[in-house]
Amino acid sequence: MMPFLDYKNVVPKTVIGLLVALIVILPVFTTNVITLSIFISSGIWAIAAMGFTLVLRTGQFSLGQGAFMALGGYTSAILTVKLGMPFWPSFFLAGIVSGIVALLVGSVVLRVGGTYFSIITLALAEVVRIIAQQWEPVTRGTRGLITSPPDPIVLGGLEINFATSTVPYFYFTVCLVAITALIFWQIGESRLGRSFAGIALNPVLAEHQGMHLMRYRVIAFTVAGVFTGFAGCLYAHFLTVITPYMLGLWQSIQIMIMSIVGGISSLAGGPIIGAILLYTFGIYLSRLEIYGIQQLLFGAAVVLVLLFLPKGTGLVDLWERFWRKVVWREEEYEPDTPDD
Amino acid sequence: MPPVGIWIDGLIQSCIYMTMAFGMVLVFSILGILNWTHGQFYMLGAFVVYYAVTAAGIPFPISILISAVVIGGLGILVEKFIIERVSVPSAQGALYVTVATIALIFFFEGTASMLFGMQDKGLAMVLPGVLNLGSFSVSYQKIAVVIFTLVIMITMYIVLNHTKVGLAIRAAAQEPVAASLYGVSVERLSLIVMGIGCALAAMAGSIMAPLYVVNPFIGGIPMIMSLLAIVIGGLGSLTGAIVGGIILGFLNSVVAYHLSYFSEVVLFLLVIIILLVRPQGLFGASLK
Amino acid sequence: MKKWYSRATILAIVTLLGMSGIALGQPTVIKVGLPTVLSGPAAPWGQIGMDPYLAWIELFNKEGFKVGGKTYNFKLVTVDDKNTPEGGAAAAKQLIFGDGCKFLAGHWSWNFPAVAAVSNQAKVIFLTRTGNEAVPGGVYDPKKQPYTVFANPSHDQFISDLFALVEAFPNYKKIGILDCTIGKGIGWDYVEAELKKAGVRYHMEWFPFGTQDFTPYITRFKEAGSDIVYVAGWVGESMMFAKQRWAMGYKEMRVGHSGPFVDVNMYNAVCGLDAAQGFIGQYWANWDFNKTKVNPKYIAMCQEVMKIVSQKHGKPFAYSGWIGWGPSHLLILAQAMEKAGTVDDPEVIMKAIRGGTFDTTTGKWTMSGAKTYGSPVVFGTPSALSMIKGDKEVYLSEHPMKPLP
């Protein structure tokens, strides 16, 4: 018999699948360095934004994700430049170091939670910057470290050379984003992920129900730290330079904006959309010649998006609304909203 | 023992941080949000005073009042049309407000860059001259800063403790629900408090304008310092804001005199220690 | 018969057009990219150079330069680099891959490593300045960056500036040097070594990024006995320093910065007219140089540009910093291409640049630095200083840079 096809579920997902496939085969159509660079940078920020959203799922608001990117980037830079390690082990160590720091900091600081946690993460971003700046012998201070592209990989007869072309970076980023998105989505769907939501909504109740608040918060924070560290490492090796001011307070804020504008309801789709759209918007803005208009438009755009989206949603939620209202022409059924 | 000049400098810095932090805490107590645009109102206040004095020839003290009114009004508009619209009544409501106020930082900086130009401007001609007091000198501008801050603080004290509005503010800060039972309209109060808070930031920017430079980017550092002062003093406490501002101001000058650029490191270490050991600051309400 | 006529006519017209094309000799345009600061706090210093650059290039293009019998013109394409590494890399990519520039010149922002990484990978010749990361023992490696040229020896100019300062005030007690912690690094070790070698008395201080209140630093300098304080760049900060030292009563303490004066009126307005008098800065008005001979043709061109821009702005244009950057870089490029006999081959052009002598708007200098920087790609500089007098800047002193080992 014909299996019942839930087309309302399958069709949007197929469209997304097609888009993703298009992005993956993009280098076939164009090897324009600028286009590929935009996708690579957006992908890196998307990973960091996913980390932010994951931590947010447990009700914590981290203003210091830039610090983990810096930690990942500096770890890998120091290992490859000062100790001569090859790229791939350094890459993994970057994530691990970043995760360990997240674990240590989180264990101490997540106890407090709330606004204080946010301020401490903010201070963390500055502390990492100050350490990178002052620890001259290791980090070369403000001048930063100059990294090299990863070594060429030889697969059979094919050589993947990072130094001569941007395409290998592109695929590396796509893989990393895909892996991160899959892992995070899985976490979100799992029992662990659903527990996160519980402790975010009502910590007191959750604790009474036997959920160990700290454990979940620290797990989320550490996982976010690991992947943000990976993103930072890729960033450092893509730009081939890392300086203390590159990944600090303002980048943490940028990550937060991408995550929230993208939509916090989705662990993978939201941050990715937010990162790509905001980053590309920023690139196009920088081509405007009128001084000051870049910041003006960026700020105005973010505020307008927040004002015109329904309260509490992000851009990713527009996708669902588009299908429901425009394509399927569903009637809007508003359930009673409980009073707060 | 640092020379007198350093202590005077510390006093001036304290005045600024105190005024900024006070405004920020006021907004936080009633609206429950950290207004990240606070620093931009400092910058805009400085510009209003600059144009009032140089383009319109209005005397400096009146320019400060004009700046307070204009920027206070701007703050009320921001609160009404942006913050209220964006805020979600849930635990994560603060998130959207934070993003909105941070986005406004970029917006105001960009607007100021476009309208006023990015080049440095100065108000050095206001109250020029130096008072020689033997081994050290004090400029009249610095004396003016201290006098203005005293006036502002005394005014705030009178308003908060001896007027109906002040009573309403204090009530709403402590017990919003009970206050509304007594007929206090928390929404209208939010607007008033936002206006006062932003006016304070504008006044801080105005009185400092002759001492420093006026350009679209001067709002960043006062914002962060104000935040640190609040952390030291305690998030919800007005007394804490004043004490935090004083500690921060003197710390900066004295430590910079002895340790030069390490003052930055010392400052952050202090903030981190406070956050770890006593997160509620010196005067904040203790956490459960 | 008619067919023959029409064919002949077409042939004649085409031949005539072709000949007139050759006769008109339309010069070929070479695009040169300029990643520069056009947004953020440092923007006024990027913006103010745009008008004079474009005016100078227009004057230059009237004659152009000849390589292999063909005439060439320059076209400048500018992109904002935001003074950050990411911005620099993005700007370089946009200029090279988006706008098709084969050369980058006039660059003075801080993001040297990021831009150099992109330009060297694309085999694009990049004319920039020394300083920050590009210092002896720093990140510049001639083997990894064979297409980088230091057309402004800013780092070594700073040292020469201090010598010029000492020559202007031979009875000085101690020079105070102030820099932001952002600039900390081995470059300063090099500077201090040179100063010690020359017997200059100095005292160094650092301030954190974002400092507006310099009272502690002024006090420290005073207690160390400094009577001249020279700030490494940082215009806003040095204005604050000058203003605050005057307010503290230290009127005999001289203040200066290693950078040209954007607008003297700004200094007078921000510091106060009396506090700003005697403020020292870098001077690039080649018509006033005493010790460096500059080609009179270039002097005339520069003065012409000042007139043109003054007319365009409707008020006197006094900023001369542009003379030491864009035009000088372009002249080096043009003369190198003439010598190399090609405008396309970066290897051959770089070969002509290394160790070559070039005559530009800042004088005639030979590329040096084979030992210090690893490759003789560092140009020279007059290292002239000026001082604020009234509402103008006047020539103070000059210490032409000696060739580097």
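Residues numbered from 1 in each chain as written. Chains lettered and ligands numbered in written order. Predicted model: local features only at pLDDT ≥ 70, side-chain atom pairs only at ≥ 80, totals over all residues.

**As for the overall build of chain B**
The following threshold applies: Put simply, DSSP H or I for four residues or longer makes a helix, DSSP E for two residues or longer makes a strand, and each gets a number counted from the N terminus. The globule rule used for comparison is 2.2 Å times the number of residues to the exponent 0.38, while the radius of gyration itself is calculated over C-alpha atoms. Residue pairs qualify as contacts under a 7 Å threshold applied to their C-beta atoms, which are placed from the backbone.
The helix and strand tally for chain B stands at 11 helices and 4 strands. Its C-alpha radius of gyration of 19 Å places chain B within 12% of the 19 Å reference for a compact globule of 288 residues. Referenced to the eigenvectors of the C-alpha coordinate spread, the extents of chain B come out at roughly 60 × 45 × 35 Å. Long-range pairs, those at least 24 residues apart, make up 75% of the contacts in chain B between residues at least 6 apart in sequence.

**What about the overall build of chain C?**
What chain C contains, in helices and strands, is 14 helices and 15 strands. Over its C-alpha trace chain C gives a radius of gyration of 23 Å, about what one expects of a compact globule, namely 22 Å for 405 residues. Each of the three principal axes of chain C carries a C-alpha extent, and together these read 100 × 50 × 40 Å. The long-range fraction of contacts in chain C, counting pairs at least 24 apart against all pairs at least 6 apart in sequence, stands at 69%.

**A word on the sheet that holds strand E9 (residues 228-231) of chain C**
The pairing of strands in a sheet happens through backbone hydrogen bonds and is either parallel or antiparallel. Residues and elements named next belong to chain C. For the record, the criterion: A pair of strands is treated as paired once DSSP finds two or more bridges between them. Here the axes come from fitting lines to C-alpha atoms, over the contacting stretch only for helices, and the angles between their N-to-C directions go from 0 to 180 degrees.
The strand order across the open sheet formed by 7 strands is E8-E7-E9-E10-E11-E14-E15, and the pairing between neighbours is mixed. At either margin of the open sheet sits one strand with a lone partner, and together these are strand E8 (202-207) and strand E15 (392-398). Averaged over all pairs of adjacent strands, the angle between their axes in this sheet comes to 30°, without regard to strand direction. Each of strand E7 (175-180), E9, strand E10 (254-260), strand E11 (280-283), strand E14 (384-389) and E15 is contacted by helix H6 (residues 154-168), which is oriented at about 95° to E15, the strand it contacts most.

**Re the domain arrangement of chain C**
Residue and element names in this part refer to chain C. The line we're drawing: Those domain boundaries reflect an automatic or database domain assignment. Classification convention: Asp, Glu, Lys, Arg as charged; Ala, Val, Leu, Ile, Met, Phe, Trp, Tyr, Cys, Pro as nonpolar; all other residues, Gly among them, as polar.
What the domain assignment reports for chain C is domain 1 (24-152 + 292-361) and domain 2 (157-284 + 387-398). If you average the C-alpha positions of domain 1 and of domain 2, the two centres end up 28 Å apart. Counted by class, the side of domain 1 that touches domain 2 contains 8 nonpolar, 8 polar and no charged residues.

**Some thoughts on the confidence of the model for chain B**
Put simply, the rule reads: Known as pLDDT, the predictor's per-residue confidence is scaled from 0 to 100.
Here chain B averages 86 in pLDDT, and 97% of its residues register 70 or above. The least confident element of chain B, judged by mean pLDDT, is helix H7 (residues 176-181) of chain B at 78; the most confident is helix H2 (residues 38-54) of chain B at 94.

**Some words on the sheet that holds strand E6 (residues 148-152) of chain C**
Residues and elements named next belong to chain C. Reading across the sheet, the 6 strands line up as E2-E3-E1-E4-E5-E6 and stay open at both edges, with mixed pairing between neighbours. Edge positions in the sheet fall to strand E2 (65-67) and E6, since each of these pairs with one other strand and no more. Relative to strand E5 (residues 125-129), strand E4 (residues 103-104) is paired through 2 bridges, and the arrangement is parallel. Bridging across to E5, Leu-104 finds its partner in Phe-126.

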